[in-house]
Amino acid sequence: MNLGPAGRVGATAAGLCLLAFWTAPLWWGLDPELTDAGAIFAEASAAHPLGTDQEGRDVLARVLAGGRLASLVGLGVVFAAVGGGALLGLLAGWRGGWVDGLVSRVSDVALAFPGLLLALLVLFVSERPGVMTVVLALSATGWASHARIVRGLVLAVRHRPVLRAARLYGCSEGRLLWRFVVPTIAGPVAVQATFALAGAVLGEASLSFLGLGPQGAVSWGAMLSDGATLMLRSPVLLLATGSTLLLWQTGFILLADGLRDGLDPALQVGPIGAARASRGRAEGGRAR
């Protein structure tokens, strides 16, 4: 599969981010919660390459710890929203009947409800929201759009002649799904999952910025909130956190675009190839 230049750049950026976040305890062992009253707002040095914050905590260690939390939330939302939505959409499109009607009506209600408002409500009533609470809050309505996309894809292939022929030869339902339906939806679901991973991290940062993120954990959103308040005193806190979040978002969005282009044969042709194919069909028609 050819991701294209932008997709390869995105994959490299996303991979480097994940590698840095999860290997940080091996090469940067400072505790992100360790405070030092004598090193408040310390400037960049060998001991603290990005300086320290208002409580003397190492900014680099906190940025890396925030990345680990962000990736956990992102993967959780992918499994809950994209995985759950894809499974419901597959069942609705394949079974039809009352199953399709039920999933469609519930997804309509979920899509009609403001997702951010529901997430804020879930987190507001929670006494001490954790990672799982944030994941559930971000997935409460997000699954519906994924379910509808997968349902449409399954409906497009369910009545193909090849499936009817396979049934006549005694192919089981499970084998039909695995051989014909799953390969059809795998590419779009992978693209959705990559976009959802970027969106979930941004959603968690937004909630943490408002003080409704995972309590007791290092979060980019909370660091951005502190950095905005202390911008004049310590601009590196805001710049370091914002730059890392920007790199994460850019990497995964470029990767998602590359996956979409690489998995779509029509987009792989490109404008030049499409023009040549159209001209060839036209010339062939005149020759006939």
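Residues numbered from 1 in each chain as written. Predicted model: local features only at pLDDT ≥ 70, side-chain atom pairs only at ≥ 80, totals over all residues. Heavy atoms only, no water.

Engineer: If you had to explain the overall build of the protein chain to someone new, which residues and values would you point to?
Structural biologist: Each helix and strand counted, the protein chain has eleven helices and zero strands in total. Scaling as 2.2 N^0.38, a compact globule of 288 residues should have a C-alpha radius of gyration of about 19 Å, whereas the protein chain reaches 24 Å, well beyond that. For the protein chain, the spread of C-alpha atoms along the three principal axes comes to 85 × 50 × 30 Å. Across the 288 residues in the protein chain, those meeting the buried criterion constitute 41%. Of the roughly 15300 Å² that the protein chain leaves accessible, carbon and sulfur atoms contribute 67%. Positive and negative side-chain charges of the protein chain, numbering 22 and 17 respectively, have mean locations separated by a distance of 21 Å. (Helix = DSSP H or I, 4+ residues; strand = E, 2+ residues; numbered from the N terminus. Rg over C-alpha atoms; globule rule 2.2 N^0.38 Å. Buried < 20%, exposed > 50% of the residue type's maximum accessible area, 1.4 Å probe, protein only. Areas by Shrake-Rupley, 256 points an atom, 1.4 Å probe, with all protein chains shown as cover. Lys, Arg positive; Asp, Glu negative; His and termini not counted. Charge placed at Lys NZ, Arg CZ, Asp CG, Glu CD.)

Engineer: Hey, could you go over the packing of aromatic side chains for me, with residue numbers and the actual values?
Structural biologist: Under the criterion given, the structure shown has four aromatic pairs. Ring geometry for W248 versus F252: centroids 4.7 Å apart, planes at 45 degrees, classification tilted. Of this pair, W248 and F252 both sit in helix α10 (residues 235–263), four residues apart, which is roughly one turn of that helix. The residues W248 and F252 share a single accessibility class, namely buried. (Phe/Tyr/Trp six-rings, centres within 6.5 Å; stacked < 30°, edge-to-face > 60°.)

Engineer: Residues and numbers for the environment of G10, please.
Structural biologist: Mapped onto the elements of the fold, G10 is located in helix α1 (residues 4–27). Along the chain, G10 and A256 lie 246 residues apart, while their C-alpha atoms are 8.2 Å from each other. Residues in contact with G10, not counting those within four places in the same chain, are G251, L254 and L255. (Contact = heavy atoms within 4.5 Å.)

Engineer: Account for the pattern of salt bridges, naming residues and giving values.
Structural biologist: Enumeration over the complete set of coordinates arrives at ten salt bridges. Here R57 ties to E33 by a salt bridge, and the two come within 3.7 Å at their closest N and O atoms. Here E33 lies in the loop between α1 and α2 (59–95) and R57 lies in the loop between α1 and α2, a separation of 24 residues in the sequence. Overall, the relative accessible area of 8% leaves R57 in the buried class. Overall, the relative accessible area of 37% leaves E33 in the partly exposed class. Here R57 ties to E55 by a salt bridge, and the two come within 3.7 Å at their closest N and O atoms. A single network of salt bridges, built from pairs that share partners, joins E33, D53, E55, R57 and R62. (Salt bridge = Lys/Arg side-chain N within 4 Å of Asp/Glu carboxyl O.)

Engineer: Explain unusual backbone geometry residue by residue, including any values.
Structural biologist: With a phi close to 55 degrees, F41 is a non-glycine residue in the positive phi region. Position of F41 among the secondary structure elements: in the loop between α1 and α2.

Engineer: Outline the packing of helix α9 (residues 220–229) against α10, listing residues and values.
Structural biologist: Packing of α9 against α10 leaves a shortest axis separation of 8 Å and a crossing angle of 145 degrees. Once α9 is placed against α10, the crossing between them reads as left-handed. In this structure, α9 contributes W220, M223, L224, D226, G227 and A228 to the contact, and α10 contributes L237, L238, T241, G242, T244, L245 and W248. The residue inventory of the contact of α9 with α10, partitioned by class, reads eight nonpolar, four polar and one charged. (Axes fitted to C-alpha atoms, helices over the stretch in contact; angles between N-to-C directions. Left-handed = near helix turned anticlockwise from the far one by under 90°. Nonpolar A, V, L, I, M, F, W, Y, C, P; charged D, E, K, R; others polar.)

Engineer: Describe the environment of A228, with residues and values.
Structural biologist: Along the chain, the position of A228 falls in helix α9. With ten residues separating them along the chain, A228 and L238 place their C-alpha atoms 6.3 Å apart.

Engineer: Now, about the nonpolar core: what can you tell me, with residues and values included?
Structural biologist: General note: in soluble globular proteins, nonpolar side chains tend to be found buried as a group. With 47 residues, the main nonpolar core has V181, W220 and W248 as its most contacted residues. Going through the elements one at a time, α1, α2, α6 (142–158), α7 (161–168), α8 (173–209), α9 and α10 are the ones with two or more residues in this core. Core analysis: the second largest hydrophobic core is formed by 13 residues, L123, L138, L207 and L212 among them. (Core = buried A, V, L, I, M, F, W, Y, C linked by side-chain atoms within 4.5 Å.)

Engineer: Provide a residue-level description of a nonpolar patch on the surface, including the pertinent values.
Structural biologist: A grouping of L18, W22 and L72 is seen on the molecular surface, where their side chains present a nonpolar patch of about 270 Å² in accessible area. Relative to the elements of secondary structure, L18 occurs in helix α1. (Patch = residues over 30% accessible without salt bridge, like charges linked within 9 Å, V, L, I, M, F, W, Y side chains within 5 Å.)

Engineer: Can you explain the side chain of Q249? Please cite residues and give values.
Structural biologist: Following the sequence through the fold, Q249 ends up in helix α10. By relative accessible area, which is 11% here, Q249 ends up buried. In this structure Q249 touches A198, V201 and L202, once residues within four positions along its chain are discounted.

Engineer: Report on α8, specifying residues and quantitative values.
Structural biologist: The end-to-end C-alpha separation of α8 is 47 Å, well short of the 54 Å expected for 37 residues at 1.5 Å each. Downstream of α8 by one or two residues, G211 has phi in the positive range, about 85 degrees. (Expected span 1.5 Å × (residues − 1).)

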